[in-house]
Amino acid sequence: INYLQSRGHKFLSFGRCNTSKPYAWIDFDCEIGSRRAVRYLLDKGHQQIAYLGGNDERAFISQRKDGFIQEMNAAGIAVPEHYILQCARNRRSGLTAMKQILTYPDRPTAILVDSSMLADGAIMVAEQAGLIPGEDISFIAYDGLPPDTLSDKQMTSVQLSTSEKKSKQIADMTIALIRGEKPENLHVLWEPEIVEGNTVKDLRTTS
């Protein structure tokens, strides 16, 4: 971003970072996404909620984790240190992390996962252990499960946007830049939505 600004190029950033000069950007409020996911689980009666997410320094990764912690704190629920697992965002890491979670004597009733690939590895381990997602343990994941998943579950998910909506917004903002709109007037922050599937159990209905 600094490089492009220093040369006077017009550009649109997909994501945000801290810089002194204004620039055009489109981004998703991942902090709000995680807070909504936690609130959804809390409203279903879950309190033992773990977080499985990435471990690199990209802004959206820290925003997703921060939103989880903030909403749990707002609910007055202490999060055990071992309930927050961070690793590479791939299936293998999801497998490994879920195997660890299943050894906990205080196993969480629900897990918020920050990527579809991590979620796919995690749900695979749960099913191999004889657990039924949405019955024995609950999952909610950003972007759901990948298209090539072996699970037949419909993941309850934090959905950022459809590709069509996202692409149209980017195109509209790019055209506005070309036509001379000031970068400081081109900021779009979308709030994710919770899309219900069948991987979250409503504990309030359990006798």
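Structure first, text after, so check above.
Let me begin by describing the structure that accompanies this report.

### Some points on the overall build of the protein
- Within the protein, the secondary structure is distributed over six helices and nine strands.
- The dimensions of the protein, computed from C-alpha atoms along their principal axes, are 60 × 35 × 30 Å.
- For the protein, with 207 residues in total, the buried portion stands at 42%.
- Roughly 11000 Å² of accessible area belongs to the protein as shown, and the carbon and sulfur atoms make up 48% of that amount.

### Concerning the packing of helix 4 (residues 91-101) against helix 5 (residues 116-128)
- Look at helix 4 against helix 5: their axes get within 7 Å of each other, and the N-to-C directions meet at 45 degrees. Classified by the angle their axes make, helix 4 and helix 5 are oblique. Of the two possible hands of crossing, helix 4 and helix 5 adopt the one that is right-handed. Note on element contacts: helix 5 touches helix 4 through Met117, Leu118, Asp120, Gly121, Ala122, Met124, Val125 and Ala126, opposite Arg91, Ser93, Gly94, Leu95, Met98 and Lys99.
- When grouped by side-chain class, the residues that make up the contact of helix 4 with helix 5 number eight nonpolar, three polar and three charged.

About the cut-offs
- Residues numbered from 1 in each chain as written.
- Predicted model: local features only at pLDDT ≥ 70, side-chain atom pairs only at ≥ 80, totals over all residues.
- Heavy atoms only, no water.
- Helix = DSSP H or I, 4+ residues; strand = E, 2+ residues; numbered from the N terminus.
- Buried < 20%, exposed > 50% of the residue type's maximum accessible area, 1.4 Å probe, protein only.
- Areas by Shrake-Rupley, 256 points an atom, 1.4 Å probe, with all protein chains shown as cover.
- Axes fitted to C-alpha atoms, helices over the stretch in contact; angles between N-to-C directions.
- Parallel < 35°, antiparallel > 145°, perpendicular 65-115°, else oblique.
- Left-handed = near helix turned anticlockwise from the far one by under 90°.
- Contact = heavy atoms within 4.5 Å.
- Nonpolar A, V, L, I, M, F, W, Y, C, P; charged D, E, K, R; others polar.

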